[in-house]
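Residue strings, one per chain:
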Amino acid sequence: MPDGLILFGRALWQFAEPITLVYILGATLLGVIIGALPGLTATMGVALMTTLTLRMSSSQAILVLICVYVGAIYGGSRTAILLNIPGTPANAASCLDGHALAKQGLAGRAIGISTTGSLMGTLIGIFFLALFTPILGDFALSFQSFEFFWLALFGVIISANLAGDDALKGWIAGFVGLFVTMIGQDGIHAYERFSFDNRDLAGGISLIPALVGAFGFAEVIGVMREVQHKAIVHSIDSVLPRFGDVFRYWRTIIRSGLIGTAIGIIPGVGEDIAAWASYAAAKRASKEADKFGKGSYEGLMAAETGDHACPPGAVIPALSLGVPGSAPAAVLLAAMIIHGIRPGPLIMVENPQFVYEVVVMMMFATFGIYFYGIFLVRPLISVLKLPRTVIMPIVFVLCVIGTYAIAQRLFDVYVMIFFGVFGYVLRERGYPMAPLVLGIVLGDLLDKNLRRGLVITDGSLVPFFTRPICVVMVTIILLTILLKIPAVSTAVARARASLFAGGAR
Amino acid sequence: MERSPSAQADLRGGVIWIALGAGIAVLSWRMDRLEHMHVNPYTVPGLVPGLLGAGLVVLGALLAWRTIHGGALARVAAPVGVDRIGDFRVVATGALCILYATLLIGHLPFWLATTIFVFVFTAAFDYKERRTAGTLARGLVVALIAAAATAAAVSLVFEDLFLVRLP
């Protein structure tokens, strides 16, 4: 622990320069604006900003991206409260009570609750980020190829199971994502796969252009499909967060913070699930459950605390295992790799200070959203009135020039266009995007480790199924798949019902 | 507006995934096994993509089977909740963006291509509303200012600050 404190102190000292403040306030504001614009997500914001921060130092770039990430989740709550439209999917649960409060003339109070929940949620998540990342990193040092293979598959399967309504479509999206990484030279023999003698394809599909397309361009198309909703801004009462709320709802805050962090740690399961799970748990435990959905302070607090505890939670496996906990964390992971940082089990050996730098960055982002939550509520409401006919072409110009700037080749722009159209069609057909992203991030890990593992065992699959951690992961994967088969889930539900009925007798 | 995918679309999707997976599996099977380099047979480049292709065939077949089992073929393909205006906006957005990224970029100076794109995009999507409100001329001026400002700002930031040679 003293080592951790020293590293934390050093990380804090590293950012002790005025320019840090400019980055925090600028990036958080950008994140809040992106989050507040319905249809644009945190993933899109982080992906786009990754291309715009290539020339910065690694610490500054990751600071900017984390501030955009946290800011976007916070910004989405404004739209949820004032327009009843979640600014990002993470804020869907906040619509229920946030907008109900706004209709009662308590929009400012709702924004204050949202600010308090965001602050507390992020702080709880940060605590576990600092605590668990080194522990998980040390634990992962015992991982070999067998465990990494299952970890990659585990991420895609679990994410597909929880990220959307249809697990089967999620698995398909995940497999497509995994396949995308097979294009180009393979990581062991440098053999060109699926390149069809095309020099650009032989170089492989870069992650960031694919993600900017799947989120940036696809979201531009999605946003332009709908006619703009007119911002009906209710009278805004006092927006100041009240510390009394922290004491009044401390149980809800701690419960939602723990749920949000835990869901963040699960690969590919993002802020939206964290918010809904926190909301549902708060409703079950509340003495005022009947008020939920009609303007409950507690309900809004639970949703906002849960979704904000998720980003630090999602960064824990990204840093310690190289497996992102959410779609924005996947982009963050890619950005870290671009900037020469190697997230994974060795991070606590090679670059332990970076873990604490991320902790400090998350804290700064929290202060950023708190600042805007107090001082810039009313001006930021005008963001909701920005005409999308002006904003969306600008976003697309940034998608184009951002992807081009990475390697200064037009092929990346064409990749972005392809994934934009492909991503939009998949979304329209009900395929979730998180497994696709996770597949693209984890494909290389899966490919190399399956083949390496088979070489180590001379073709035997036994260690893949008998090593203790492998057994746990295989069991979870199998249960996850089996429980999605209607006949199996019905039989399990029936068995559980008869068991409880027997117990009751 | 929430749009749920139709059963026919899922069935088509299932067939496409089966075809794609089969194609990947066949190409993987026919991929060079690098025997002349005496590589370990468990590290052949086609192993993992081949497994993924096979997996995609299985998942696509499950999707198609589930859809057929749910009565997709029995139902008349009646278009449910057709959103023609929304579809038109999607096609228009996609077409304008793709034209900009593939035809204008690389063939015209970046600032000119960007000015044309932002101006046309904004003016086209604002046209109906502006014409109804009788502010067409004002709308065109707003579009032109937004276009010129975007082109200037992006060119300046990327060329002078990030030192990117623009396409």
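Cut-offs used in this document
Residues numbered from 1 in each chain as written. Chains lettered and ligands numbered in written order. Predicted model: local features only at pLDDT ≥ 70, side-chain atom pairs only at ≥ 80, totals over all residues. Heavy atoms only, no water. Helix = DSSP H or I, 4+ residues; strand = E, 2+ residues; numbered from the N terminus. Rg over C-alpha atoms; globule rule 2.2 N^0.38 Å. Contact = heavy atoms within 4.5 Å. Lys, Arg positive; Asp, Glu negative; His and termini not counted. Charge placed at Lys NZ, Arg CZ, Asp CG, Glu CD. 1 Å grid on protein atoms, 1.4 Å probe; cavity = no way out; pocket = protein on both sides within 12 Å on 5 of 7 lines; lining within 4 Å. Points joined across faces, edges and corners; volume = space filled by probe spheres on them. Nonpolar A, V, L, I, M, F, W, Y, C, P; charged D, E, K, R; others polar. Patch = residues over 30% accessible without salt bridge, like charges linked within 9 Å, V, L, I, M, F, W, Y side chains within 5 Å. Areas by Shrake-Rupley, 256 points an atom, 1.4 Å probe, with all protein chains shown as cover. Salt bridge = Lys/Arg side-chain N within 4 Å of Asp/Glu carboxyl O. Buried < 20%, exposed > 50% of the residue type's maximum accessible area, 1.4 Å probe, protein only. Polar contact = N/O pair within 3.5 Å; in protein donor to acceptor, adjacent residues only side chain to side chain. Expected span 1.5 Å × (residues − 1). Bend = angle between axes of the 7 residues up to and from the residue. Axes fitted to C-alpha atoms, helices over the stretch in contact; angles between N-to-C directions. Parallel < 35°, antiparallel > 145°, perpendicular 65-115°, else oblique. Left-handed = near helix turned anticlockwise from the far one by under 90°. Buried area = accessible area lost by both parts, 1.4 Å probe. Domains from an automatic or database assignment.

**Student:** Would you mind going over the overall build of chain B with me for this structure?
**Tutor:** Looking only at helices and strands, chain B features 5 helices and 0 strands. Ordered by position in the sequence, the α and β elements of chain B form the string α-α-α-α-α. Relative to a compact globule of 167 residues, whose C-alpha radius of gyration would be 15 Å, chain B shows 25 Å and is clearly more extended. When contacts within chain B are restricted to residue pairs at least 6 apart in sequence, long-range pairs at least 24 apart make up 68% of them. In chain B, which carries 13 positive and 10 negative side-chain charges, the distance between the mean positions of the two groups comes to 8 Å.

**Student:** Hey, could you run me through the layout of surface pockets in this one?
**Tutor:** The gaps of empty space that remain are located by a probe, the size of a water molecule, rolled over the atoms. Residues and elements named next belong to chain A. As a volume, the second largest pocket reaches approximately 1,200 Å³. As for the second largest pocket, its lining consists of 45 residues, and the residues nearest its centre are I337, V441, D444, L445 and K448. Residue assignment for the lining of the second largest pocket shows that the elements contributing at least two residues are β1 (184-185), α10 (207-225), α15 (327-338), α16 (347-350) and α21 (434-456). A total of 9 residues in the lining of the second largest pocket trace back to one element, the largest contributor, which is α21. Looking at side-chain class alone, the lining of the second largest pocket contains 26 nonpolar, 11 polar and 8 charged residues.

**Student:** What should I look at first to understand a nonpolar patch on the surface in this one?
**Tutor:** Residues F127(A), L131(A), F132(A) and I135(A) make up a contiguous nonpolar surface patch of roughly 360 Å² in combined accessible area. Tracing the sequence through the fold places I135(A) in helix α6 (residues 107-140).

**Student:** Would you mind going over the pattern of salt bridges with me for this structure?
**Tutor:** When charged atoms on two side chains of opposite charge get close, those side chains can pair. According to the stated counting rule, one finds 14 salt bridges over all chains in the structure shown. With a closest N to O distance of 3.7 Å, R225(A) and E428(A) form a salt bridge. Taken together, the residues R225(A) in helix α10 and E428(A) in helix α20 (residues 410-428) connect sequence positions 203 residues apart. Classification of R225(A) by relative accessible area gives buried; the value is 7%. A salt bridge links R225(A) to D87(B), with the shortest nitrogen-to-oxygen separation between them at 2.5 Å. Taken together, the residues span two chains, with R225(A) in helix α10 and D87(B) in helix α3 (residues 84-104). Each member of the salt-bridge network shares a partner with another, and the members are D186(A), R193(A), D447(A) and R451(A).

**Student:** Help me out: how do you make sense of the side chain of D166(A) in this one?
**Tutor:** Assignment of secondary structure puts D166(A) in the loop between α7 (145-163) and α8 (167-180). Polar contacts involving the side chain of D166(A) include one to the main-chain amide nitrogen of L168(A), which spans 3.2 Å.

**Student:** How do you make sense of helix α4 (residues 110-133) of chain B when you look at a structure like this?
**Tutor:** Since the α-helix packs 3.6 residues into each turn, any two residues three or four apart lie on the same face. Between the first and last C-alpha of α4(B) there are 33 Å, a value that for 24 residues agrees with the 34 Å anticipated at 1.5 Å per step. Where α4(B) bends most, at Y127(B), the angle is about 55°. Three or more residues of α4(B) are buried, namely F110(B), A113(B), T114(B), T115(B), F117(B), V118(B), F121(B), T122(B), A123(B), F125(B), D126(B) and R130(B). Buried residues belonging to α4(B) abut α10 and α19 (388-407) of chain A together with α3 and α5 (136-161) of chain B. Where α4(B) ends, the next residue or the one after it, G134(B), has phi of about 70°, a positive value.

**Student:** Would you mind going over the packing of helix α4 (residues 58-83) of chain A against α6(A) with me for this structure?
**Tutor:** Angle between the axes and distance between the axes: these two values describe a pair of packed helices. Residues and elements named next belong to chain A. Contact pair α4 / α6: the axes reach a minimum separation of 10 Å and the direction vectors enclose 155°. On the basis of their axis angle, the class for α4 and α6 is roughly antiparallel. Crossing of α4 over α6 shows right-handed handedness. Contacts from Y74, S77, R78, I81 and L82 of α4 reach α6 at A107, A110, I111, S114, T115 and S118. Within the contact of α4 with α6, the residues separate by chemical class into 6 nonpolar, 4 polar and 1 charged.

**Student:** What's the story with unusual backbone geometry in this structure? I'm lost.
**Tutor:** Comment: phi is negative for the bulk of residues other than glycine, and the bulk of peptide bonds are trans. Residue and element names in this part refer to chain A. In this structure, A190 is a non-glycine residue whose phi angle is positive, near 55°. One can find A190 in the loop between β1 and β2 (192-193). With a relative accessible area of 44%, A190 lands in the partly exposed category. Phi is positive for Q408, close to 55°, though the residue is something other than glycine. Here Q408 is to be found in the loop between α19 and α20. By relative accessible area, which is 29% here, Q408 ends up partly exposed.

**Student:** I'm lost on helix α2 (residues 18-36) of chain A in this one. Help?
**Tutor:** Along its 19 residues, α2(A) runs 27 Å from first to last C-alpha, staying within 8% of the 27 Å computed at 1.5 Å per residue. Packing partners of the buried residues in α2(A) comprise α3 (42-52), α4, α17 (352-375) and α18 (377-381) of chain A.

**Student:** For this particular structure, what's the right way to read the interface of chain B and chain A?
**Tutor:** Size of an interface, as often reported, equals the accessible area lost when the parts are brought together. Facing the 63 residues of chain B at the interface are 60 residues of chain A. For the chain B and chain A pair, buried surface summed over both sides reaches about 5,400 Å², with 75% attributable to carbon and sulfur atoms. For chain B, the biggest contributors to the area lost against chain A are W17(B), Y42(B) and L52(B); these three give 12% of the whole. Scanning the region where chain B abuts chain A turns up 3 salt bridges. Close ionic contact of K169(A) with D10(B) constitutes a salt bridge, the shortest N to O distance being 2.7 Å. Linking chain B to chain A there are 14 residue pairs in polar contact (both at pLDDT 80 or more).

**Student:** What is the right way to look at the domain arrangement of chain B in this model?
**Tutor:** Splitting chain B by domain gives domain 1 (7-69) and domain 2 (84-161). Taken over C-alpha atoms, the centre of domain 1 of chain B sits 41 Å from the centre of domain 2 of chain B.

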